[in-house]
Amino acid sequence: MKLEELGYKENLEKFRVEQNLESFEIGRIIAEHKERYIVRTTEGNYEAEITGNIRFTAKGREDFPAVGDWVALTTYDFDFALIHKILPRFSIIKRQAVGKFGEIQVIATNIDFAFIIQAIDRDFNINRLERYLTICNSSHVKPIIVLSKIDLIEEFQINELLKNLSIRIKNVTIIPISNETKAGYEKVKMIIEKGKTYCLLGSSGVGKSTLLNNLSGNNCMKTDKISQSTNKGRHITTHRELIILENGGILIDNPGMKEVGIADASNGFEITFDLLFQISQNCKFKDCTHTFETGCAVIEAVEQGEINKESYDNYLKIEKEKAHYESTVLEKRKKDKAFGKMVKNYKKDMRKNKY
Ligand SMILES: Nc1nc2c(ncn2[C@@H]2O[C@H](COP(=O)(O)OP(=O)(O)OP(=O)(O)O)[C@@H](O)[C@H]2O)c(=O)[nH]1
Ligand SMILES: [Mg+2]
Ligand SMILES: [Zn+2]
């Protein structure tokens, strides 16, 4: 297999030459199991670990390899390798780590498109869709919404859902599908291009792995019947994995997500809530929070029905969370800096006293 077939791009080769990495092999991380990685190179798959240097210089989760990464590695034996460097990423999908406020979790890197999958049953939730969109928009990943399990409802109900969606979500391709009847599959296949990488995002049980298996024509990923009421929280897919389709498209399956915490939404937020941001240009105060101010163009637009009320409420909720996240990160950085200083002084003392 050629590197191009794994999604390798010209600028990566340029970087490799510039950085004198020519003595290393290049591969792409296709799976991760607790700091052990499976890397695919032109020669095959290797089980890999990172060098101590990567581990000790890492400032956070982002400095560790993730599925989708291109890495420079040295191979040993026929199946073991050591990862020396992570090549620059052109995109990175991340969210707030569940239960660890202020920390991030990297979902995948070097992604061109994300399929945001929601089932039309009780999983369907436009607020959550706006969260996924915000993550994609701030990651330079093009989002595509896939509504799955449409075999469970009537056509007029599908149209109703699409109509409700179109009020709040604009300029995003939406594809209703059924993994049972394969309705909508042609549209999905048309989007998947050779050498491009696609990430499957969504809650547990929406049919991500079923879609991937059907598209690839074999059962790479385990899928299962889950009883929504008794087995809540049980995930079928437990790790991320990259798979190459026959048509050359590269797909990354993910375990289902329960929470979609926004980690860094800088301009992704503005793209997702585009209308609101445009209207906010007319607010009287530059630092308007659009909650109580007189002369707030946003509040007025909500009252006039120009901005959807639920969308506005969701905006405020995410904005609050984002502000809280950012201040936590700032706080954490300050502490890390103080800790770094302490370690540095300690090392200095060690050298001085030659312990
Ligand atoms: N009726 C119907 N059932 C579906 C559809 N897609 C998936 N299912 C069923 O939903 C269940 C879960 O499917 P999976 O593909 O394992 O879901 P997943 O999104 O990969 O779940 P996690 O790996 O836990 O994140 C299986 O029993 C599937 O057969 C669909 O379009 N229609
Ligand atoms: Mg799965
Ligand atoms: Zn305002």
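Residues numbered from 1 in each chain as written. Chains lettered and ligands numbered in written order. Predicted model: local features only at pLDDT ≥ 70, side-chain atom pairs only at ≥ 80, totals over all residues. Heavy atoms only, no water.

Novice: Which residues make up the overall build of the chain, and what values go with them?
Specialist: Broken down by element type, the chain carries ten helices and 13 strands. Relative to the 2.2 N^0.38 estimate, which gives 20 Å for 355 residues, the radius of gyration of the chain is 23 Å and therefore close to what a compact globule would have. The dimensions of the chain, computed from C-alpha atoms along their principal axes, are 70 × 55 × 45 Å. Across the 355 residues in the chain, those meeting the buried criterion constitute 47%. When contacts within the chain are restricted to residue pairs at least 6 apart in sequence, long-range pairs at least 24 apart make up 64% of them. Entry remark: accessible area of the chain is about 19,600 Å², with carbon and sulfur atoms responsible for 50%. Each charge class in the chain can be summarised by its mean position, and for the 54 positive and 50 negative side chains these summaries are 6 Å apart. (Helix = DSSP H or I, 4+ residues; strand = E, 2+ residues; numbered from the N terminus. Rg over C-alpha atoms; globule rule 2.2 N^0.38 Å. Buried < 20%, exposed > 50% of the residue type's maximum accessible area, 1.4 Å probe, protein only. Contact = heavy atoms within 4.5 Å. Areas by Shrake-Rupley, 256 points an atom, 1.4 Å probe, with all protein chains shown as cover. Lys, Arg positive; Asp, Glu negative; His and termini not counted. Charge placed at Lys NZ, Arg CZ, Asp CG, Glu CD.)

Novice: I'd like a rundown of unusual backbone geometry, residues and numbers included.
Specialist: Although it is not a glycine, lysine 149 adopts a positive phi angle of roughly 65°. Of note, lysine 149 is situated in the loop between β9 (142-148) and α4 (155-168).

Novice: Summarise the nonpolar core; cite the residues concerned and give the values.
Specialist: Ranked by size, the top nonpolar core spans 73 residues in total, and within it Ile83 and Val298 carry the most contacts. At six residues, helix α3 (residues 126-138) tops the list of elements feeding residues into this core. (Core = buried A, V, L, I, M, F, W, Y, C linked by side-chain atoms within 4.5 Å.)

Novice: Quick one: what's the story with the coordination of the zinc ion (ligand 3), residue by residue and with numbers?
Specialist: Here the zinc ion (ligand 3) is held by Cys283 (SG), Cys288 (SG), His290 (ND1) and Cys296 (SG), and the distances to it run 2.1 to 2.4 Å. Relative to the metal, the four donor atoms surrounding the zinc ion (ligand 3) lie at angles of 103 to 115°, and the coordination shape comes out tetrahedral. Within one chain, the residues serving as donors to the zinc ion (ligand 3) are arranged as C-x4-C-x1-H-x5-C. (Donors = N, O, S within 2.8 Å, 3.2 Å for Na, K, Ca; no water. Tetrahedral: all angles 85-135°; square planar, octahedral: opposite > 155°, others 65-115°.)

Novice: Got a sec to walk through the pairing of strand β12 (residues 241-244)? Specific residues and values, please.
Specialist: Taken together, the four bridges between β12 and strand β13 (residues 250-253) define a ladder with antiparallel strand orientation. Directly across from isoleucine 244, in β13, lies its bridge partner isoleucine 250. Adjacent in sequence and paired antiparallel, β12 and β13 are bridged by five residues, among which glycine 248 carries a positive phi angle near 95°. (Pairing = 2+ DSSP bridges.)

Novice: Before we move on, could you go through the side chain of aspartate 112 and cite the residues and values that matter?
Specialist: Here aspartate 112 is to be found in the loop between β7 (104-109) and β8 (113-119). There is a polar contact of 3.1 Å between the side chain of aspartate 112 and the side chain of lysine 9. Setting aside its immediate chain neighbours within four residues, aspartate 112 contacts Lys9, Phe90, Val141, Lys142, Lys196 and Thr197. (Polar contact = N/O pair within 3.5 Å; in protein donor to acceptor, adjacent residues only side chain to side chain.)

Novice: Please provide a residue-by-residue account of the site of ligand 1, values included.
Specialist: Near ligand 1 there are 22 residues, and of these Asp151, Asn179, Ser204, Thr210 and Thr237 occur at the shortest range. Side-chain polar atom of aspartate 151 to a nitrogen atom of ligand 1: 2.8 Å apart, as the coordinates give it. Contact distances for ligand 1 include 2.4 Å between an oxygen atom and a side-chain N or O atom of threonine 210. Contact with the protein chains covers 92% of the free accessible surface of ligand 1, which is 660 Å². Looking at side-chain class alone, the shell around ligand 1 contains four nonpolar, twelve polar and six charged residues. (Near = heavy atom within 4 Å. Nonpolar A, V, L, I, M, F, W, Y, C, P; charged D, E, K, R; others polar.)

Novice: Describe in detail helix α6 (residues 208-216), supporting the description with residues and values.
Specialist: By the criterion of burial, α6 is predominantly enclosed, with seven of the nine residues buried. As for α6, its buried residues are in contact with β8, α5 (185-191), β11 (197-202), β12 and β13.

Novice: Can you break down the packing of aromatic side chains residue by residue, with the values?
Specialist: Across all of its chains, the model carries nine aromatic pairs by this definition. Ring centres 5.7 Å apart and planes at 70° place the aromatic pair phenylalanine 273 and tyrosine 315 in the edge-to-face group. Remark: tyrosine 315 occurs in helix α10 (residues 309-353) and phenylalanine 273 occurs in the loop between α7 (268-272) and α8 (274-280); sequence separation between them is 42 residues. Each member of the pair phenylalanine 273 and tyrosine 315 is classed as buried. Three or more aromatic residues joined by ring pairs make a cluster, and in this case those are Phe269, Phe273, Phe277 and Tyr315. (Phe/Tyr/Trp six-rings, centres within 6.5 Å; stacked < 30°, edge-to-face > 60°.)

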